[in-house]
Amino acid sequence: VIDGTVAGDHGRPRYRKTRCCRSYGYPSNAGFSIREMDGRYYIRLGKVAGGKGSKWKGLRLHGPDIPKDTPKTCTVSRTDMGTHYEYHVSVVFLMDPGYHRGEVHMEKDQFQPVGIDVGISNVAAFSDGTVFENSREYVKCIDRFRRIHRRYSKTLPYTRENLQWRSRLNHAYKRLVNRRKNLIDRIAHDAVHLYDGIAMEDLSVNQLRSGSLSRRM
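The rules behind these values
- Residues numbered from 1 in each chain as written.
- Predicted model: local features only at pLDDT ≥ 70, side-chain atom pairs only at ≥ 80, totals over all residues.
- Heavy atoms only, no water.
- Helix = DSSP H or I, 4+ residues; strand = E, 2+ residues; numbered from the N terminus.
- Buried < 20%, exposed > 50% of the residue type's maximum accessible area, 1.4 Å probe, protein only.
- Contact = heavy atoms within 4.5 Å.
- Areas by Shrake-Rupley, 256 points an atom, 1.4 Å probe, with all protein chains shown as cover.
- Expected span 1.5 Å × (residues − 1).
- Pairing = 2+ DSSP bridges.
- Core = buried A, V, L, I, M, F, W, Y, C linked by side-chain atoms within 4.5 Å.
- Axes fitted to C-alpha atoms, helices over the stretch in contact; angles between N-to-C directions.
- Phe/Tyr/Trp six-rings, centres within 6.5 Å; stacked < 30°, edge-to-face > 60°.
- Salt bridge = Lys/Arg side-chain N within 4 Å of Asp/Glu carboxyl O.

Student: It is not clear to me how the overall build of the chain should be interpreted in this structure. Could you clarify?
Tutor: What the chain contains, in helices and strands, is three helices and 10 strands. Within the chain, the fraction of its 217 residues that count as buried is 22%. Taking the intrachain contacts of the chain between residues at least 6 apart in sequence as the baseline, contacts between residues at least 24 apart amount to 56%. For the chain, the exposed area adds up to about 16,500 Å²; of that, 51% sits on carbon and sulfur atoms.

Student: Hey, could you run me through helix H2 (residues 160–194) in this one?
Tutor: In an α-helix there are 3.6 residues to a turn, and that puts residues three or four apart on one side. End to end, H2 covers 51 Å across 35 residues, agreeing with the expected 51 Å (1.5 Å per residue, within 8%). Along H2, the positions that sit buried rather than exposed are Asn-162, Trp-165, Ser-167, Leu-169, Ala-172, Leu-176, Leu-183, Ile-187, His-189, Asp-190, Ala-191 and Leu-194. In this structure, the buried side of H2 is in contact with strand S7 (112–118), strand S8 (122–126), strand S9 (131–133), helix H1 (136–153) and strand S10 (195–200).

Student: Looking at this model, I keep getting lost on the pairing of S7. Mind explaining?
Tutor: Here S7 pairs with S10 via four bridges, running parallel. Residue pairing in the sheet places Ile-116 in a bridge with Met-200 of S10. Taken together, the three bridges between S7 and S8 define a ladder with antiparallel strand orientation. In the sheet register, Ile-116 faces S8, and the bridge partner there is Phe-126. Between S7 and S8, which follow one another and run antiparallel, lie three residues.

Student: Looking at this structure, I do not really get the nonpolar core. What am I missing?
Tutor: It is characteristic of soluble globular proteins that their nonpolar side chains tend to be buried jointly. Grouped together as the largest cluster of nonpolar side chains are 11 residues: Val-114, Ile-116, Val-123, Ala-124, Phe-126, Phe-132, Leu-183, Ile-187, Ala-191, Leu-194 and Tyr-195. Going through the elements one at a time, S7, S8 and H2 are the ones with two or more residues in this core. Leave out the neighbours within four places in its chain, and Ala-124 touches Ile-116, Asp-117, Thr-130, Val-131 and Phe-132. Membership of the second largest hydrophobic core comes to 10 residues, among which are Tyr-41, Ile-43, Leu-61 and Phe-93.

Student: Just to check I follow, could you spell out the sheet that holds strand S4 (residues 59–61) for this structure?
Tutor: Two modes of strand pairing occur in sheets, parallel and antiparallel, and in both the strands are linked by backbone hydrogen bonds. Strand order in the open sheet made by the three strands is S2-S3-S4, with antiparallel pairing throughout. Only two strands of the sheet have a single neighbouring strand rather than two, namely strand S2 (32–37) and S4. The average undirected angle you get between the axes of adjacent strands in this sheet is 35 degrees. Across six bridges, the pairing between S2 and strand S3 (residues 40–45) is antiparallel. Looking across to S3, one finds that Met-37 is bridged to Arg-40.

Student: Would you take a moment to explain the packing of aromatic side chains for this structure?
Tutor: Each pair of aromatic rings is reported with the distance of its centres and the angle of its planes. Applying the stated rule across the entire model yields five aromatic pairs. Arranged with centres 5.8 Å apart and planes meeting at 50 degrees, the rings of Phe-145 and Tyr-173 form a pair that is tilted. With Phe-145 in helix H1 and Tyr-173 in helix H2, the pair connects residues that are 28 residues apart, well separated along the chain. Counting every residue linked through ring pairs, the aromatic cluster contains Tyr-24, Tyr-26 and Phe-32.

Student: I would appreciate a short explanation of the pattern of salt bridges in the present structure.
Tutor: Working definition: two side chains of opposite charge can pair if their charged atoms are close together. On inspection of all chains with the given rule, the structure shows three salt bridges. Where Lys-140 meets Glu-137, a salt bridge forms, and the shortest distance between an N and an O atom there is 3.8 Å. On the criterion of helical spacing, the pair formed by Lys-140 and Glu-137 is a turn pair, its members being three residues apart in helix H1. The class for Glu-137 is partly exposed, based on a relative accessible area of 33%. As a salt-bridge pair, Lys-181 and Asp-185 come within 2.9 Å of each other at their nearest N and O atoms. Taken together, the positions of Lys-181 and Asp-185, both in helix H2 and four residues apart, correspond to about one turn of that helix. The exposure class of Lys-181 is partly exposed, given its relative accessible area of 49%.

Such coordinate-based values are descriptive only and should not be taken to indicate function.
Below you can see the structure in the form of structure tokens.
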């Protein structure tokens, strides 16, 4: 810098290309909006091309239980599925305590310490009698993933059939991971928001898993 001016011709600033980014986010709810119409939820993202006019509802959100609380942040991610790309929108909500169990409001003086026991047949058991069962849907997803993987291994590389089964395999694996993560996140949410202190056993989860014959582990 000489006399307040930039020495040399540097040209315009360079930015990362869109295809090089796997995700981008909205740090506040000012850049997106979620609304309900006819029992369905739609999201409109800022600076994203969509339908024109006020009649365009937005992108439909699919999910069994979409919170009705205040949205906080939003992240749009892109995943390479082999034959195509998939775009997913993840929204963080400011939820009230007890969302998983159905409670709307909890008094602060009702918070008590809780002990958590990690099991085999059940995911977790709380000291107050609350038990989170291990869903059989997870086992079904594992069986489906194994069937697709065996079929995929029999195809020739770089063929159309190989790409199709590769895409199916990616879908099956992603469904498997998302189901497990969704259950763990809900249990962690209840444990943090409904109880004052958390106590757990001092054990090795890896040894418990290696010594167990249960497929659900």
